[in-house]
Protein chains: 2
Amino acid sequence: MTTQRRLILASLDALDTHPTAEELHAIAVQQDPSLNLSTVYRTLRWLEQEGLVSTRRFDEPRRQDRFDPMLPSQHHHFICKSCKNVIEFDLPALGDIQQDFEHLHQVRIESASVVFYGLCTACNRQNGPVESEAERELSQRT
Amino acid sequence: MTTQRRLILASLDALDTHPTAEELHAIAVQQDPSLNLSTVYRTLRWLEQEGLVSTRRFDEPRRQDRFDPMLPSQHHHFICKSCKNVIEFDLPALGDIQQDFEHLHQVRIESASVVFYGLCTACNRQNGPVESEAERELSQRT
DNA sequence: ATATTTATTGCAAATCATTTGCAGTAATAC
DNA sequence: GTATTACTGCAAATGATTTGCAATAAATAT
Ligand SMILES: [Mn+2]
Ligand SMILES: [Mn+2]
Ligand SMILES: [Zn+2]
Ligand SMILES: [Zn+2]
């Protein structure tokens, strides 16, 4: 644990968002103006390995990784497709589902990620339902 | 629907894996040697928009997108951290969970992704349990 | 405390998957 | 047929992430 690593982890913990490496760097660099973006990346990957941070790739369009401090309990995410707001939630019911799955398939589950995509309360009103025109292509397929 | 698009979609449907764009191109190019990788990308993005394909980013380490034909029913994935094998499964129980969540948070869920990471039967035996040494850092954090 | 070894950093350059501009083709409309 | 439009191949651009390396800091040994 070096000064930089401590700073990066502290900055991440201080946030209640899921920052990108750049966002995190922008914040941490205020405390240590010489802190480099590659150090942020390296540290985040290290923290990930150590199980203290997890990388989230739930941005719908191709984009940057986001980082999530792995505070004790696992949690899951709802993401508004429109405004990109995130709701975090626990899912106690998942335990049983996982166990069933483990028994059924004879595997060991180490972690689980549940992501819901949709429209948040605010966006739900503004946006009408979305149409898909090529649905009929489905008929061509087995 | 052009010749290329049809070929790409057919190649994807024919596979039972979740190929990367490159893998898919490698296969489709056998039928049409002039097929270009950017056409594969463009087509996959188009299919995604049309709701016929979904992009999966469940490769653990930073890597390529993988593509999954969206045949009628939603399904979910178990991924072996060791051999990267994938088990697909349905999760009927999720419907209720989603509804509960929608009511509780007043949102509309449009899609859901559940991913389990772990060790498959085969890998389970070979690999011992994994240690994390920096767990004690947790105590430093709120 | 000083010298020695080891790990981490900053910086710049490299990497790699994905996207984009554009001129040429194929498809479709008139 | 010609005009209009959409799609493709190719090459170059993009953008996030990673890496090599020399400099710096931390840890360990003397
Ligand atoms: Mn989170
Ligand atoms: Mn699948
Ligand atoms: Zn919203
Ligand atoms: Zn396995």
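Placed above this text is the structure.
Residues numbered from 1 in each chain as written. Chains lettered and ligands numbered in written order. Predicted model: local features only at pLDDT ≥ 70, side-chain atom pairs only at ≥ 80, totals over all residues. Heavy atoms only, no water.

On to the pairing of strand S2 (residues 66–69) of chain B. All names here are of chain B. Neither face of S2 is exposed, since Arg 66 and Asp 68 on one face and Phe 67 and Pro 69 on the opposite face are all buried. As judged from the 4 bridges shared by strand S1 (residues 53–56) and S2, these two strands associate in the antiparallel manner. Counted as the bridge partner of Thr 55 is Phe 67 from S2. (Buried < 20%, exposed > 50% of the residue type's maximum accessible area, 1.4 Å probe, protein only. Helix = DSSP H or I, 4+ residues; strand = E, 2+ residues; numbered from the N terminus. Pairing = 2+ DSSP bridges.)

Pairing within the open sheet is mixed, and its 6 strands lie in the order S4(A)-S3(A)-S5(A)-S5(B)-S3(B)-S4(B). Both edges of this open sheet fall to strand S4 (86–89) of chain A together with strand S4 (86–89) of chain B, since each of them pairs with a single strand only. Direction aside, the axes of adjacent strands within the sheet are offset by 20° on average. Relative to S4(B), strand S3 (residues 76–80) of chain B is paired through 4 bridges, and the arrangement is antiparallel. Within S4(B), the position partnered with Ile79(B) by the bridge is Val86(B). Sheet strands in contact with helix H4 (residues 94–105) of chain A are strand S3 (76–80) and strand S5 (108–119) of chain A together with S3, S4 and strand S5 (108–119) of chain B, and its direction is about 130° off that of S5(A). Taken strand by strand, helix H4 (residues 94–105) of chain B contacts S3, S4 and S5 of chain A together with S3 and S5 of chain B, and its axis lies near 130° from that of S5(B). (Axes fitted to C-alpha atoms, helices over the stretch in contact; angles between N-to-C directions. Contact = heavy atoms within 4.5 Å.)

The environment of DNA strand D is made up of 17 residues, and the closest members are Tyr41(A), Asp65(A), Thr2(B), Thr39(B) and Arg42(B). Among the atoms of DNA strand D lying within 4 Å of the protein, the sugar-phosphate backbone contributes 73%. Between DNA strand D and Ser34(B) there is a distance of 2.9 Å, counted from a phosphate oxygen to a backbone nitrogen or oxygen. In the environment of DNA strand D, a phosphate oxygen lies 2.4 Å from a nitrogen or oxygen atom belonging to the side chain of Thr39(B). For the surface near DNA strand D, the secondary structure elements donating two or more residues are helix H3 (37–49) of chain A together with helix H1 (3–14) and helix H3 (37–49) of chain B. The biggest single contributor to the surface near DNA strand D is H3(A), with 4 residues. Residues of the surface near DNA strand D, tallied by class, amount to 2 nonpolar, 9 polar and 6 charged. (Near = heavy atom within 4 Å. Polar contact = N/O pair within 3.5 Å; in protein donor to acceptor, adjacent residues only side chain to side chain. Nonpolar A, V, L, I, M, F, W, Y, C, P; charged D, E, K, R; others polar.)

All names here are of chain B. It is the contact of H1 with H3, at a shortest axis distance of 10 Å, that shows an interaxial angle of 75°. If you check the angle between H1 and H3, you find them roughly perpendicular. Side by side, H1 and H3 meet where Gln 4, Arg 5, Ile 8, Leu 9 and Leu 12 of the first sit next to Thr 39, Val 40, Thr 43, Leu 44, Trp 46 and Leu 47 of the second. Split into classes, the residues belonging to the contact of H1 with H3 amount to 7 nonpolar, 3 polar and 1 charged. (Parallel < 35°, antiparallel > 145°, perpendicular 65-115°, else oblique.)

Turning our eyes to something else, we now look at H4(B). Helix length check: H4(B) (12 residues) gives 16 Å between terminal C-alpha atoms against 16 Å at 1.5 Å per residue, within 8%. Listed in full, the buried residues belonging to H4(B) are Leu94(B), Ile97(B), Gln98(B), Phe101(B) and Glu102(B). Buried positions in H4(B), seen along its axis, are confined to an arc of 135° and lie on one side of it. Among the exposed residues of H4(B), those oriented more than 90 degrees off its buried face are Asp96(B), Asp100(B), His103(B) and Leu104(B). Of the surrounding elements, those touching the buried residues of H4(B) are S3, S4, H4 and S5 of chain A together with S3 and S5 of chain B. One or two steps after H4(B), the chain reaches Gln106(B), where phi turns positive at roughly 55°. (Expected span 1.5 Å × (residues − 1). Arc of directions from axis to C-beta.)

Another aspect to go through is the environment of Phe67(A). Residues and elements named next belong to chain A. By secondary structure assignment, the location of Phe 67 is in strand S2 (residues 66–69). Residue Phe 67 is classed as buried on the basis of its relative accessible area of 0%. Put simply, Phe 67 and Ala 14 are 53 residues apart on the chain and 13 Å apart in space, counted from C-alpha to C-alpha. When sequence neighbours within four positions are dropped, the list of residues in contact with Phe 67 reads Leu 12, Thr 17, His 18, Pro 19, Thr 20, Ala 21, Leu 44, Arg 45, Val 53, Ser 54 and Thr 55.

Here the focus is the coordination of the manganese ion (ligand 2). All names here are of chain B. Protein ligation of the manganese ion (ligand 2) involves His 18 (NE2), Asp 68 (OD), His 75 (NE2), His 77 (NE2) and Glu 88 (OE), the donor distances falling in the range 2.0 to 2.2 Å. Between consecutive donors of the manganese ion (ligand 2), the numbers of intervening residues give the motif H-x49-D-x6-H-x1-H-x10-E. Since its relative accessible area comes to 15%, His 75 is described here as buried. (Donors = N, O, S within 2.8 Å, 3.2 Å for Na, K, Ca; no water.)

Now for the coordination of the zinc ion (ligand 3). Residues and elements named next belong to chain A. Around the zinc ion (ligand 3), the protein supplies Cys 80 (SG), Cys 83 (SG), Cys 120 (SG) and Cys 123 (SG) as donor atoms, at distances of 2.2 to 2.3 Å. In this structure, the zinc ion (ligand 3) is surrounded by 4 donor atoms whose angles at the metal cover 105 to 115°, and the resulting shape is tetrahedral. Mapped onto the sequence, the residues coordinating the zinc ion (ligand 3) show the spacing C-x2-C-x36-C-x2-C. Note that Cys 80 is positioned in strand S3 and Cys 123 in helix H5 (residues 121–126), a separation of 43 residues in sequence. Per residue, the accessibility class of Cys 80 equals that of Cys 123, and both read buried. (Tetrahedral: all angles 85-135°; square planar, octahedral: opposite > 155°, others 65-115°.)

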